[in-house]
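# Topology and contacts: notes
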Amino acid sequence: MRLTAGLAVGLAVLLTVAVPAGAGIADRVAATFALMAGDFVKAFQPVEAVVVSLEGPEIFLDVSAENGAQVGQEYVVFRKGDAFSHPLTGRPLGRYEQVLGHAQVVRLYPKFAAAVYLPLPETPRPRATDGARITRARVRVAVTPMLDLAATHADVRRVPFMLAAALEGSKRFQVVDPLAVSDMFASTGLSVQEMLARPERATRAARNLEVSGWILPMLLERRGVTYLDVTYISAITGTALISRRLPLVTASSAEEQRFPWEPRPED
């Protein structure tokens with residue numbers, strides 16, 4: 001289930017405006033995420049690569065930072081098969097593809113990238129000239145409920161909706177309705193902490209929602225400073241691949257409610 005267009009546009013606007021003085025924690029989280037959202041978009045830009053060699057559990061791809069490779073990216077590894085044609089005209093339309101597994105980039109070199117290879121069951125081992133890619137289609141993800149490790153005790157129930165709107169607005173992600181995600185957590189007894197500590201729970205829940213990964217926002221406190229930490233968790237392995245952390249944007253406590261139906265700015 002996806003966000004409605006109106007909700008996505010409306011919340012995206014909230015993320016792009018300056019944070020008013022005294023904004024509540026949820027608004028400050030949304031504004032902070034707006035500063036890091038571009039990093040997630042860049043990490044999931046479409047990339048086409050070729051397998052150049054294999055060594056033990058690692059696979060090497062002909063991509064580098066120069067053409068968009070980043071540590072933490074996850075590629076689909078595939079093998080091209082026979083060509084297929086239009087049944088009436090005989091015009092070539094493409095080639096069949098067999099998905100072999102996934103590759104998670106762990107190191108970058110000037111001309112290539114090293115990745116941990118994760119085979120699918122009963123598939124042949126990759127070989128040089130096989131392909132690897134980050135899809136051009138929108139990446140389907142789910143945003144977990146906010147994890148408040150800073151003990152702010154703020155009402156942050158709006159945060160997944162605001163982050164989802166920013167991701168949808170980038171045109172790179174397709175985001176599951178956060179309400180459906182919240183219902184799943186409530187009905188299965190799954191906790192956000194388990195998503196980080198128990199990879200098998202993260203992968204199982206991802207299969208239920210048919211997503212490629214999780215976006216997990218959390219608040220942390222370090223030496224008196226509150227940070228927003230946002231982590232991407234793979235649906236394939238349940239492990240954290242990409243993480244960004246920024247200090248929560250500051251705001252005065254003097255702001256009044258902008259609309260009568262909104263919660264107080266202190267959340």
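The sections below set out a description of the structure shown in this document. Everything numeric here is computed off the predicted structure, so don't read it as measured data. (Residues numbered from 1 in each chain as written. Predicted model: local features only at pLDDT ≥ 70, side-chain atom pairs only at ≥ 80, totals over all residues. Heavy atoms only, no water.)

### Side note on the overall build of the protein chain
The condition that has to hold: Counting from the N terminus, the helices are DSSP H or I runs at least four residues long and the strands are E runs at least two residues long. With a 1.4 Å probe rolled over the protein chains alone, any residue whose accessible area is under 20% of its type maximum counts as buried; one over 50% counts as exposed, and the rest are partly exposed. Here, two residues are considered to be in contact whenever any of their heavy atoms come within 4.5 Å of each other.
Looking only at helices and strands, the protein chain has 6 helices and 12 strands in total. Burial analysis of the protein chain (267 residues in total) assigns 44% to the buried set. The contacts in the protein chain between residues at least 6 apart in sequence include a share of 64% that link residues at least 24 apart.

### Topic: the sheet that holds strand 1 (residues 47–55)
Operational definition: Any two strands with at least two DSSP bridges between them are considered paired. Note on definitions: angles span 0 to 180 degrees between N-to-C directions of axes, and those axes are lines fitted to C-alpha atoms, for helices only across the stretch in contact.
Taken together, the 6 strands give a closed barrel; going around it, the order is 1-2-5-4-3-6, and neighbouring strands pair in antiparallel fashion. In this sheet, neighbouring strand axes are inclined to one another by 45° on average, regardless of whether the strands run parallel or antiparallel. Sheet topology note: the strand 1/strand 6 (residues 131–134) ladder contains 4 bridges and is antiparallel. When the sheet's bridge partners are listed, Val 50 is paired in strand 6 with Gly 131.

### Considering the environment of Val 139
Examined against the element boundaries, Val 139 turns out to sit in strand 7 (residues 139–143). Among the residues examined, Val 139 registers a relative accessible area of 6% and is labelled buried. Along the primary structure Val 139 and Pro 46 are separated by 93 residues, whereas in three dimensions their C-alpha atoms are 10.0 Å apart. Those residues in contact with Val 139 that sit more than four places away from it in its chain are Phe 44, Arg 172, Phe 173, Gln 174 and Ser 212.

### A look at unusual backbone geometry
Phi is mostly negative for residues that are not glycine, and the peptide bonds are mostly trans. Even without glycine at this site, Thr 129 takes up a positive phi of about 90°. Secondary-structure assignment places Thr 129 in the loop between strand 5 (113–119) and strand 6. Notably, Ala 151 is not glycine yet its phi reads approximately 55°, a positive angle. If you trace the backbone, Ala 151 turns up in the loop between strand 8 (147–148) and helix 3 (159–169). Given a relative accessible area of 48%, Ala 151 falls into the partly exposed group.

No statement about biological role is implied by the geometric values presented.
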